Amino acid sequence: MTTAKRLPSPAMEDALLRSSVPDLPSLIRDYADHIASTQQLSEHTVRNYINDLVPLVEFLDESTVTNLKNVDRLLLRGYLASLISAEYSRSSVSRKLSALKSFFRFLRQNSDLELDQIDLVTGPKKEKKLPAIASNHEIDRLLDEPNTSTNAGIRDRAILEMLYGAGLRVSEANAMDIADVDLKTKEARIIGKGLCFRHPVSRQDSIRMQKKQPAGALSNGSLSTSRELLAPSPGSFQKLCTLL
């Protein structure tokens, strides 16, 4: 007798032991194999997908459902109501509904189950949260982080000033070149999404930091060949921007 392959979700294994739907364990395992192979998902991602189905398996058991053919829109609306009553966030409910639809879509394609009403079930609207705003003290600490006694520190301070003062996206600042900065007009030429150009005004502090570059740092509008003065690599740039 062959042992069934264990799922990457211990919570689902426990839920399936209590399930009253005979074919559900094998269907869940087939679904896990399917999304892992066809979507090239990692075991961690597959576990998250399967974990999002655990409340569904538990609800079916509590509702004494013994055949998936009995699952209809009314039952699934009750399932969503149970998630809300359990105080799951709206984003969690939407994610679990998405996992449910993905699973039932798999069943329609790979079994004799029809489940035509599943796509009619809609989840709650997503929450709209106001963004967190940094205080003046936090901004000052951020800008003071680079060591401006070094060339690299001066460069990093200028990058942070440009990001904060001109409201740039990280990708926009990373794509900037010395030729895009006009120290006389205190403007920078930015290539944004959709190749749209704009000219934000640089903050005075940022202009001063750029002017602190030592002699020879700029040559014919481009950076010198000194590694310390070159723009940071994408990896180090992203590391710097985590300070934001």
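Residues numbered from 1 in each chain as written. Predicted model: local features only at pLDDT ≥ 70, side-chain atom pairs only at ≥ 80, totals over all residues. Heavy atoms only, no water.

The subject of this paragraph is unusual backbone geometry. The backbone of threonine 64 shows a phi angle near 55 degrees, a positive value even though the residue is not glycine. By the secondary structure assignment, threonine 64 is in the loop between α4 (54-62) and α5 (73-85). (Helix = DSSP H or I, 4+ residues; strand = E, 2+ residues; numbered from the N terminus.)

Counted by the stated rule, this structure contains nine salt bridges. A salt bridge links arginine 157 to glutamate 161, with the nearest nitrogen and oxygen atoms 3.4 Å apart. Of this pair, arginine 157 and glutamate 161 both sit in helix α8 (residues 151-165), four residues apart, roughly one helical turn. Pair check on accessibility: arginine 157 and glutamate 161 agree, each one buried. With a shortest N-O distance of 3.9 Å, arginine 189 and aspartate 180 are connected by a salt bridge. (Salt bridge = Lys/Arg side-chain N within 4 Å of Asp/Glu carboxyl O. Buried < 20%, exposed > 50% of the residue type's maximum accessible area, 1.4 Å probe, protein only.)

If you walk through the whole model with that rule in mind, you get four aromatic pairs. Considering the side-chain rings of phenylalanine 59 and tyrosine 79, the 5.6 Å spacing of their centres and the 50 degrees angle between planes classify their relative orientation as tilted. Taken together, the residues phenylalanine 59 in helix α4 and tyrosine 79 in helix α5 connect sequence positions 20 residues apart. Of the residues examined, tyrosine 79 reaches a relative accessible area of 0% and is grouped as buried. (Phe/Tyr/Trp six-rings, centres within 6.5 Å; stacked < 30°, edge-to-face > 60°.)

Nothing here speaks to function; it is geometry throughout.
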